[in-house]
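# Close look at the chain arrangement
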2 protein chains.
Amino acid sequence: MQTDLIDKLNSTDKGEDALVVVHGGAGNIKLEYLPKEKLERVEADLTRALTNAFNLLKKGASAIEAVAAAVTVLEDAEMFNAGRGSCLNELGKVEMDASIMNGANLEAGSVACISNVKNPVLLAKAVMEHSNAVLLVGDGAELFAENMTKVIGLELAANEYFATPEALSELKRFQERGSMPHNALSTGSSQGEKYGTVGACARDLSGNVAAATSTGGLIGKLKGRVGDSPLVGAGVYADNQTCAVSTTGFGESFIRVVLAHEVSSLIRHAHKTIAEATVEAIHSVLSRSNGKGGLISINSQGDYALPFNTQGMYRGVITASGQVKISIS
Amino acid sequence: MQTDLIDKLNSTDKGEDALVVVHGGAGNIKLEYLPKEKLERVEADLTRALTNAFNLLKKGASAIEAVAAAVTVLEDAEMFNAGRGSCLNELGKVEMDASIMNGANLEAGSVACISNVKNPVLLAKAVMEHSNAVLLVGDGAELFAENMTKVIGLELAANEYFATPEALSELKRFQERGSMPHNALSTGSSQGEKYGTVGACARDLSGNVAAATSTGGLIGKLKGRVGDSPLVGAGVYADNQTCAVSTTGFGESFIRVVLAHEVSSLIRHAHKTIAEATVEAIHSVLSRSNGKGGLISINSQGDYALPFNTQGMYRGVITASGQVKISIS
């Protein structure tokens, strides 16, 4: 474990030259509950997400390509509640949501309630790039995914890829506790279990920003329930004129205050800095809906902020010089 | 036909004492293309939506009950693209979206991509009142609807209720023209066909505001496509501190600028009036995503605005004294 990576990232750190920020979920995450091996894997995954995106950007890739690459790493990682590591719904089935947005032109793509795609963020990107829609859900989104296997080589995956023995036993433990889905935020993390939505924000060498978010949602959730992650304005937003945002937390409370767009609005209309706007959003606006969680944000100048109102948030940043910082609590 | 009802409602009318505003869609609606009988039916339906909501409010009902009642009338009316009159998707099937939001506490409920419920707005209200979720989609939402038949007596309906001979022939004409779904906004109305999403905003005697939106989406749309109507922040928003908003138009462009929440943000953060904020949203912000459409809005004081950037918008208002005004172009 590289302990120098466990640098305390302040919620209002100003990184003049940040290129990519990522998160792997916010919640009652305590370092002391995290087994060393798990901690190392989380660190390694977040670092790989950052460096993959960084390497693309340094070769001139767009911010969109960078956030898609970062989120793909986290979806494949099993340590997070997205892609391979997704929580299962009340019926033991995976239902994933993802989104992506381009701050250069406000184009966006998102998918909700899908179960047949290895990397939901790539399906969201395909919706943005290969359809007239912004949001596709359920069977229709899965049909579109099947078509995209031929168009962009999108990889499908069966429910068994997601409903791993570990995921099924987590659901069983959850259901035996008789917990309501809305308690998942606290229960998952108190055991040091894998936790949370993933997301990335990046700026490219042209100063364009982008954001992406991906999640398996709440453990034991109602079939068909969709949180904030795939909703433009709630769980994701990107606008070169303000910033890019990806959120994590109890989705319903983020939807009700349209949190990602609220950050953008505070910058645009109330003339706040990214640090001021994100802190106000997480510590003041979100209290209107009793929300718990966090967000990551970056702007065209490389200023960034990673605030949360929970005990911890898996998060990291990579600067223009390639310096990686990871933090949890 | 009561021609005195065809009063020109200015997009920035200030009605000190408005209680309810409704819309039945915006687009290239020209009075000269509308057969007299159709015009009379639209007027009668909008008037009935307004008066039903008005009568409830005068008896002390909440703004939520009022907007649900108004939208239910328009969903049943067949003249609009919601509920019974919904457009069909590329496969000839109805896939409806609806939402409702309470400005008093920011609670919200919405459903997307459902086909088995007579009044989608009542299912959205049930999501708000009888689940922990804000948004349910597809099969899961339909399963929840089946459960709600026992809990609140929700009425289901088969695809045949929606896929009327008229709806099927409209889809056939649309597909024969080889139009892309995103052209539906102009094609539907140039023939004087039924047009547009429906919505209502109300304030109750306690000064609480609420909004609701319901739609069948775009004719010939991709299976699984969801527009702005069910998305809190895009197609619906309500906050006592600012206003209630329901939108109509080409949904993707409303999603990308989070238009309903943008109105609220302009009032809150840029200190605009409801007239200024709604005009800026429709005539300036929406141009960032090349959007066409309109919105209705009301605040706790009874100020309202009904702006649009299309040739027309079916719209109406009822004041505290019961005066009804309907306008189209």
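Whatever comes next refers back to the structure up there.
This write-up is about the structure you can find in this document. (Residues numbered from 1 in each chain as written. Chains lettered and ligands numbered in written order. Predicted model: local features only at pLDDT ≥ 70, side-chain atom pairs only at ≥ 80, totals over all residues. Heavy atoms only, no water.)

## With respect to the overall build of chain A
The test is simple: The helix and strand labels rest on DSSP assignments: H or I over at least four residues marks a helix, E over at least two residues marks a strand, and numbering proceeds from the N terminus. Using a 1.4 Å probe, the Shrake-Rupley method yields the accessible areas, and only the shown protein chains count as cover for residues.
Across its full length, chain A carries 10 helices and 13 strands. Put simply, chain A shows about 10,500 Å² of open surface, and 48% of that area lies on carbon and sulfur atoms.

## Some words on the nonpolar core
The criterion, for reference: Note on terminology: a nonpolar core comprises buried Ala, Val, Leu, Ile, Met, Phe, Trp, Tyr and Cys residues joined through side-chain atoms within 4.5 Å. Only protein chains enter the accessibility calculation, which uses a 1.4 Å probe; a residue whose area is less than 20% of its type maximum is buried, one above 50% is exposed, and one in between is partly exposed. Any two residues whose heavy atoms approach within 4.5 Å at even a single point are treated as in contact.
Counting residues in each nonpolar core, the largest one holds 94 residues, and the members touching the most others are A:V232, A:L259, B:V232 and B:L259. The contacts of A:V232, once residues within four sequence positions are left out, are A:M101, A:A108, A:V134, A:Y237, B:I255, B:R256 and B:V258.

## As for the relation of the copies chain B and chain A
Our working definition: Alignment of copies: least-squares fit on C-alpha atoms of residues with pLDDT of at least 70 in both copies.
Superposing chain B onto chain A requires a rotation of 180° together with a translation of 0.0 Å along the rotation axis, leaving an RMSD of 0.0 Å. On this basis, the relationship between the two copies can be described by a two-fold rotation axis. When the interface residues of chain B are mapped onto chain A, 100% of them again lie at the interface, so the same face is used by both copies.

## With respect to the packing of aromatic side chains
All names here are of chain B. Put simply, the test is: Classification of ring pairs uses Phe, Tyr and Trp, with its six-membered ring standing for Trp, and accepts pairs whose centres are within 6.5 Å; under 30 degrees between planes counts as stacked, over 60 as edge-to-face, and the remaining range as tilted.
For the coordinates displayed, the defined rule picks out 4 aromatic pairs over all chains. Taking the centre distance of 6.1 Å and the plane angle of 80° together, the rings of F80 and Y314 count as edge-to-face. You can see F80 sitting in the loop between α2 (63-76) and β2 (96-102) and its partner Y314 sitting in strand β12 (residues 312-319), a full 234 residues away along the chain. Of the two residues examined, F80 and Y314, each falls in the buried class. Relative to F162, the ring of Y161 lies with its centre 4.9 Å away and its plane at 85°, an arrangement referred to as edge-to-face.

## As for the interface of chain B and chain A
One widely used convention gives an interface's size as the accessible area the parts lose upon coming together. Note the following rule: When two components associate, each loses some accessible surface as probed by a 1.4 Å sphere; the sum of these losses over both components is called the buried area. Here, a salt bridge means any side-chain nitrogen of Lys or Arg that lies within 4 Å of a carboxyl oxygen of Asp or Glu.
Chain B puts 44 residues into the contact, and the matching count from chain A is 44 residues. Across the interface of chain B and chain A, roughly 3,700 Å² is buried in total on both sides, 60% from carbon and sulfur atoms. On the chain B side of the contact with chain A, B:R256, B:H269 and B:R288 bury the most area, a combined 19% of that side's loss. On the surface where chain B and chain A come into contact, there are 2 salt bridges.

## A closer look at helix α4 (residues 138-151) of chain B
All names here are of chain B. Cut-off, in case you're wondering: Take the number of residues in a helix, subtract one, and multiply by 1.5 Å to get its expected span.
Look at α4: 20 Å from first C-alpha to last across 14 residues, which is about the 20 Å you get at 1.5 Å a residue. Listed in full, the buried residues belonging to α4 are G138, G140, A141, E142, F144, A145 and M148. Buried residues along α4 sit against β3 (107-114), α3 (120-130) and β4 (135-137). Looking at the residues trailing α4, positive phi occurs at G153, about 70°.

## Observations regarding the sheet that holds strand β8 (residues 236-238) of chain A
Residue and element names in this part refer to chain A. Quick note on the threshold: At least two bridges found by DSSP between two strands are what make those strands a pair. In this description, a line fitted to the C-alpha atoms serves as the axis of each element, helices being fitted only across the stretch in contact, and the angle between N-to-C directions of two axes falls anywhere from 0 to 180 degrees.
Taking strand neighbours across the sheet as the criterion, the 4 strands line up as β8-β9-β10-β11 in an open arrangement whose pairing is antiparallel. The open sheet has two edge strands with one neighbour each: β8 and β11 (304-305). One ladder, built from 6 bridges, connects strand β9 (residues 244-249) with strand β10 (residues 293-298); its direction is antiparallel. Residue pairing in the sheet places V245 in a bridge with S297 of β10. Helix α10 (residues 274-283) rests against β10 and β11 of the sheet, and its axis sits at about 160° to β10.

## Points about the sheet that holds strand β12 (residues 312-319) of chain A
Sheet architecture is open: 9 strands sit in the order β13(A)-β12(A)-β1(A)-β5(A)-β6(A)-β2(A)-β3(A)-β4(A)-β7(B), paired in mixed fashion. The open sheet terminates on both sides in strands that have one partner only, identified here as β13 (324-327) of chain A together with β7 (225-226) of chain B. Pairing of strand β5 (residues 198-203) of chain A with strand β6 (residues 209-215) of chain A involves 6 bridges; the strand directions are antiparallel. Across the sheet, residue A:R203 finds its bridge partner in β6(A), namely A:V209.

## Quick word on the packing of α2(B) against α3(B)
Residues and elements named next belong to chain B. So the rule is basically this: Orientation categories follow fixed angle ranges, with anything under 35 degrees roughly parallel, anything over 145 roughly antiparallel, 65 to 115 roughly perpendicular, and all other angles oblique.
One way to put it is that α2 packs onto α3 with a least axis distance of 8 Å and a crossing angle of 150°. Relative to α3, the element α2 is oriented roughly antiparallel. Only P120, V121, L122, K125, M128 and E129 of α3 make contact with α2, whose side of the interface consists of I64, E65, A68, V71, T72 and E75.

## Quick notes on the pairing of β10(A)
Each regular strand carries side chains that alternate between the two faces of the sheet. Counting buried positions over the 6 residues of β10(A) gives 6, a clear majority of the element. Both faces of β10(A) are covered, namely the face carrying A:G293, A:L295 and A:S297 and the face carrying A:G294, A:I296 and A:I298.

## What to know about the side chain of B:T242
Relative to the assigned elements, B:T242 resides in the loop between β8 (236-238) and β9 (244-249). Overall, the relative accessible area of 5% leaves B:T242 in the buried class.

## Notes on unusual backbone geometry
Residue and element names in this part refer to chain B. Phi is positive for L106, close to 65°, though the residue is something other than glycine. Mapped onto the elements of the fold, L106 is located in the loop between β2 and β3. A positive phi is found at V258, a non-glycine position, where the angle reads about 50°. On the secondary structure map, V258 appears in the loop between α8 (251-256) and α9 (259-268). A relative accessible area of 0% places V258 in the buried class.

## Describing the state of the cysteines
Rules: Cysteine sulfur atoms are paired as a disulfide whenever they fall within 2.5 Å.
For the structure shown, the criterion picks out 0 disulfides over all chains. For the unlinked cysteine A:C243, the closest cysteine sulfur is that of A:C201, found at 7.9 Å. For A:C243, a relative accessible area of 1% corresponds to the buried category. Of the cysteine sulfurs around B:C87, a residue in no disulfide, the closest is that of B:C113, at 14 Å. The class for B:C87 is buried, based on a relative accessible area of 13%.

## Re the packing of helix α9 (residues 259-269) of chain A against α10(A)
Residue and element names in this part refer to chain A. So the rule is basically this: Take the far helix as your reference; a near helix turned counterclockwise from it by less than a right angle gives a left-handed crossing, and one turned clockwise gives a right-handed crossing. Amino acids outside the nonpolar list (Ala, Val, Leu, Ile, Met, Phe, Trp, Tyr, Cys, Pro) and the charged list (Asp, Glu, Lys, Arg) are all regarded as polar, and Gly is one of them.
Packing of α9 against α10 brings their axes to within 9 Å, and their N-to-C directions diverge by 140°. Considered as vectors, α9 and α10 are oriented oblique to each other. In the packing of α9 onto α10, the handedness of the crossing is right-handed. Contacts from L259, V263, L266 and I267 of α9 reach α10 at I274, A277, T278, E280, A281 and I282. Taken together, the residues of the contact of α9 with α10 sort by class into 8 nonpolar, 1 polar and 1 charged.

## Some remarks on the pairing of strand β1 (residues 18-27) of chain B
Residue and element names in this part refer to chain B. With respect to burial, β1 is a largely interior element, 10 of its 10 residues being buried. Bridging between β1 and strand β5 (residues 198-203) involves 4 bridges; their strand directions are antiparallel. Across the sheet, V22 pairs through a bridge with A200, a residue of β5.

## Looking at the pattern of salt bridges
With the rule as written, the count across this model stands at 26 salt bridges over all chains. Notably, a salt bridge pairs B:R48 with B:D45, separated by 2.8 Å at the nearest N-O pair. Linking B:R48 with B:D45, this pair stays in helix α1 (residues 36-58), spanning 3 residues, or about one helical turn. A relative accessible area of 7% places B:D45 in the buried class. Close ionic contact of B:E280 with B:K272 constitutes a salt bridge, the shortest N to O distance being 3.1 Å. On the basis of relative accessibility, which here comes to 25%, the residue B:E280 falls in the partly exposed class. Residue B:K272 is classed as partly exposed on the basis of its relative accessible area, which comes to 29%. Each of A:E65, A:K125 and A:E129 takes part in a single network of salt bridges with overlapping partners.

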